[in-house]
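Structure at a glance
One letter stands for each residue in the lines below.
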Amino acid sequence: MAIITISRGSFSMGKAVAEKVAAKLGYGILSRDLLFKAGDRFHVPKKTLEKAIHDAPGIFERYSHTKKIFIAYIRATLIEMVADGDIVYYGLAGHLLLDKLPCVLKIRIIANLEDRVAGRMAGGLSEQKARAMLLADADQRRKWAKKIYNVDPNDAALYDMVICIDKLSIDDAVDFICQSASIKAFKPTNDCIRQCRDLSLACNAKALLVEDFPDVGVICENGNLLVYATEKEAHTSKFKKIMETFQKENYDIYNLEVHTGLSVPANAV
Amino acid sequence: MPVLILSSENKELENKIGQKIAQKLEYTTLNQEFFSEIAHKYTLDSKKLMNAMDITPSILKRMPSKQWYYYLSCVEAEVLDCLLEDNCVCWGLAAHLYVAVVSHVLKVRLIGGHNSILRSDEPNMTLDKIKKIIAEQERSRENWSMTAYNCKEADPGLYDMVINLDQVQTDEAVETLSTTMGYPRLKAMTYSKNNLTDRALAAKVKNVLLKSLADVQVEAQNGTVVVTTTSMKRAKSKKIDTIKKLAGQVDGIGYLEVHWNKDMLTEAAMSYR
């Protein structure tokens, strides 16, 4: 049940690579469909979710936690959709949304800017406009990653492999990724499947709580759900009701604990 | 036949992977051991030459700018000359910074793999400590590469591939890279060979010029060498003549062109005096 995420800039051939990898390995493929599914599930328009996962937060959004809420919705949906494995995700921020999962092969595809400009111009744009659009898009993604996750998306350390489509062709990159997917480190183990299930539970709990309690942290280990909240939050009837309903709906929760007065651990979602 | 250039902050892993690939593909290796040969050929101090590959020019470090650039040009000229031989795995000589866009040269950056240091090094070394040391090394390397070749060594755009060794084992990386080297796209062609030959020629000319001159840029295409230099107007003809005389000693030049630019800053300073 390997999971492959392919991160790319616009017109970097990442889509073509993802489609060919999925076809060659017989895997499913996922990109913007994720936003439709998350939108249906949480009753949010797809455009709003798309904006939340692409554009850097504006001044007002920094205080209203809207990005945090929408990202929690997208993340919960993504983890559910990839939990069965054998899937290639080439949508936005896959490597960051799935960063807590082991056995995920994280690939970044980059390409020469001139080739990307030529690709963009095929849509009928002038060279100047095409270049400006590509640079603006890259800038938004960089700001988004910096603001939300405090990382630079161009940092190679975020990925397992970075492949430049220039000297290496799309087919070479596909061969390379397929070969890497068979590496032991990316083969799912029982531990990996369990961690995936745990993360899915934690993300779903967070998605339910985030709108009213944006600073809550959730961890799930072996089916034990630990929720980190402030004293004030944990004693509200709304909080208790959400937690009770969630526990009733998810039979795989072994134990639920609410911790108050503790700082949220770094590995919490 | 292809050439593989490896670059990494983790010298131990870089060396291990380089040796293993060379052994597997029966390629020759070109690494730090080559420094002594270069030093012998150019009658340089071997230690100082190796030092020049790590530090930026500084009078305090007893490495003036002119000497530093000359040392780098010696390494560049010799490495490019050796890479013309094909079937080679090269690392530790900063070749990834001066071999650009040659289709039969695969440039790979190896990152991560700090766990292996943790296992092999001192017992009181923690992963955080190692990461701090590596980050410090990266900063100093970035400073060096920006001064020497005006590019950031860690920039993924410089490479054809970057492999993170945190999850991928060295043997798996060796296997993958060995397979990649067999891709037909990486076979040497007349065009790519000529491209590399031109770069080697430009590096040789630059090396000869930097021995006594400063501020020269050299490019070569199909045997035609273009030298661009800057000087004051009154020194123009003397500098051009010297360049022509010195560059004429290098074999393989079809035609030599010297482009001269006025050194506006010095001119302005002199006219003020």
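The numbering scheme is per chain: residues are counted from 1 as the chain's sequence reads. For this description, chains carry letters from A and ligands carry numbers from 1, given in the order in which they are written. Only residues with pLDDT of 70 or above have their local features reported here, since the model is predicted, and side-chain atom pairs are shown and tallied only from 80 upward, although totals for entire chains, interfaces and linings are computed over all residues. The side-chain values count all of the structure's non-hydrogen atoms but skip hydrogen atoms and water molecules.

**Some remarks on the overall build of chain A**
- Under the scheme used here, helices are H or I runs from DSSP no shorter than 4 residues and strands are E runs no shorter than 2 residues, and both carry numbers assigned from the N terminus. Looking only at helices and strands, chain A features 12 helices and eight strands.
- For 269 residues, the compact-globule formula gives about 18 Å, and the C-alpha radius of gyration of chain A, at 20 Å, lands near that figure.
- The C-alpha extent of chain A, read off along each of the three principal axes, is 60 × 45 × 30 Å.
- Partly exposed residues are those whose accessible area sits between 20% and 50% of the maximum for their type, while under 20% is buried and over 50% is exposed, using a 1.4 Å probe and protein chains only. For chain A, the proportion of its 269 residues judged to be buried stands at 49%.
- The Shrake-Rupley method, run with a 1.4 Å probe, gives the accessible areas here. Residue values count only the displayed protein chains as cover. Of the accessible surface of chain A, which amounts to about 12,800 Å², a share of 52% is contributed by carbon and sulfur atoms. For the radius of gyration, the atoms used are the C-alpha atoms, and the globule rule reads 2.2 Å times the number of residues raised to 0.38.

**Brief notes about the interface of chain B and chain A**
- Between two residues, a contact is recorded if the distance between any of their heavy atoms is within 4.5 Å. Residue-level contacts link 23 residues of chain B with 23 residues of chain A.
- Throughout, the accessible surface (probe 1.4 Å) given up by two parts as they are put together, summed over both, is called the buried area. Of all residues in chain B, the largest losses of buried area upon contact with chain A belong to Gln167(B), Tyr183(B) and Arg185(B), amounting jointly to 29% of the total for that side.
- By convention in these notes, a salt bridge is any Lys or Arg side-chain nitrogen within 4 Å of a carboxyl oxygen on Asp or Glu. Linking chain B with chain A are two salt bridges, by the criterion used here.
- Residues Lys167(A) and Asp160(B) are paired through a salt bridge, measuring 3.1 Å at the closest nitrogen-oxygen approach.
- Identification of polar contacts relies on pairs of N or O atoms within 3.5 Å, with a donor-acceptor requirement for protein atoms, meaning one able to donate a hydrogen and the other able to accept it, and with residues adjacent in sequence counted only if both atoms are side-chain atoms. At the surface where chain B touches chain A, the tally comes to 10 residue pairs in polar contact (both at pLDDT 80 or more).
- Among the secondary structure elements, those contributing two or more residues to the side of chain B that touches chain A are strand E4 (105-111), strand E5 (161-164) and helix H8 (170-181) of chain B.
- The element best represented in the side of chain B that touches chain A is H8(B), accounting for five residues.
- Per-class residue counts for the side of chain B that touches chain A are 12 nonpolar, seven polar and four charged.
- Any two strands between which DSSP finds at least two bridges are classified as paired. Pairing analysis gives three bridges linking strand E5 (residues 161-165) of chain A to E5(B), with the strands arranged antiparallel. Bridging from a neighbouring strand, Met161(A) pairs with Ile163(B) of E5(B). We call Asp, Glu, Lys and Arg charged. Ala, Val, Leu, Ile, Met, Phe, Trp, Tyr, Cys and Pro are nonpolar, and the rest, Gly among them, are polar.

**Some details on the domain arrangement of chain B**
- Segmentation into domains, and thus their bounds, comes from an automatic or database assignment. Examined at the domain level, chain B breaks down into domain 1 (3-186) and domain 2 (212-271).
- One C-alpha centre belongs to domain 1 of chain B, the other to domain 2 of chain B; they are set 31 Å apart.

**Quick look at the pattern of salt bridges**
All names here are of chain A.
- If you walk through the whole model with that rule in mind, you get 25 salt bridges over all chains.
- A salt bridge links Glu 127 to Arg 131; the nearest nitrogen and oxygen atoms lie 2.9 Å apart. With Glu 127 and Arg 131 both in helix H8 (residues 127-149) and four residues apart, this pair spans about one turn of that helix.
- Judged by its relative accessible area of 41%, Glu 127 is partly exposed.
- A salt bridge links Asp 137 to Arg 141; its shortest N-O distance comes to 3.3 Å.

**Examining the confidence of the model for chain B**
- In this model, chain B carries a mean pLDDT of 87, and residues with pLDDT of at least 70 account for 96%.
- Each residue carries a pLDDT score, the predictor's own confidence in it, on a scale running from 0 to 100. Looking at the elements of chain B, mean pLDDT is at its lowest for helix H6 (residues 114-120) of chain B, recorded as 63, and at its highest for strand E3 (residues 88-91) of chain B, recorded as 93.

**Description of the sheet that holds strand E8 (residues 255-262) of chain B**
Residue and element names in this part refer to chain B.
- Reading across from one edge, E6-E7-E8 is the order of the three strands in this open sheet, with mixed pairing throughout. For this open sheet the edge positions go to strand E6 (216-221) and E8, each flanked by a neighbour on one side alone. The mean angle between the axes of side-by-side strands here comes to 20 degrees, regardless of whether they run parallel or antiparallel.
- Across six bridges, the pairing between E6 and strand E7 (residues 224-231) is antiparallel. Bridge pairing in E7 places Val 216 opposite Thr 229. Each axis is a line fitted through C-alpha atoms, and for a helix only the stretch in contact is used; angles between axes span 0 to 180 degrees, taken between their N-to-C directions.

**Description of the nonpolar core**
- Judged by nonpolar contacts, the single largest core of 68 residues is most densely connected at Val79(B), Leu83(B), Tyr98(B), Val99(B), Trp144(B), Leu209(B) and Val227(B).
- When residues of this core are assigned to their parent elements, the largest contribution, 10 residues, is made by helix H4 (residues 65-83) of chain B.
- The residues touching Leu83(B), leaving out its near neighbours within four places in the chain, are Val3(B), Ile5(B), Leu30(B), Cys88(B), Cys90(B), Val99(B) and Leu196(B).
- Ranked by size, the runner-up nonpolar core spans 54 residues in total, among them Ala207(A), Ala229(A), Ile242(A) and Ile253(A). As used here, the term nonpolar core means buried Ala, Val, Leu, Ile, Met, Phe, Trp, Tyr and Cys residues forming a set that is joined through side-chain atoms within 4.5 Å.

**Quick look at the packing of aromatic side chains**
- Centres within 6.5 Å make a pair out of two Phe, Tyr or Trp rings, where for Trp the six-membered ring is used; the pair is then stacked when the planes are under 30 degrees apart, edge-to-face when over 60, and tilted otherwise. According to the stated counting rule, one finds seven aromatic pairs over all chains in the structure shown.
- Judged by centre distance (5.8 Å) and plane angle (45 degrees), the rings of Trp144(A) and Tyr149(A) are tilted.
- Since its relative accessible area comes to 3%, Trp144(A) is described here as buried.
- Exposure remark for Tyr149(A): the relative accessible area of 22% places this residue in the partly exposed category.
- With a centroid separation of 5.6 Å and 45 degrees between ring planes, the pair formed by Tyr98(B) and Tyr149(B) is classed as tilted. In this pair, Tyr98(B) is assigned in helix H5 (residues 95-98) and Tyr149(B) in helix H7 (residues 127-149), connecting sequence segments 51 residues apart. By the burial criterion, Tyr98(B) is buried, and Tyr149(B) matches it.
- These aromatic residues form a ring-pair network of at least three members: Trp68(B), Tyr69(B), Tyr98(B), Trp144(B) and Tyr149(B).

**Considerations on the domain arrangement of chain A**
Residues and elements named next belong to chain A.
- Taken domain by domain, chain A consists of domain 1 (3-186) and domain 2 (190-260).
- Facing the 16 residues of domain 1 at the interface are 13 residues of domain 2.
- Together domain 1 and domain 2 conceal approximately 1,300 Å² of surface at their shared face, both sides included; 75% is due to carbon and sulfur atoms.
- At the surface where domain 1 touches domain 2, the tally comes to one salt bridge.
- One salt bridge connects Lys 68 with Asp 215, and the closest N-O pair in it is separated by 3.0 Å.

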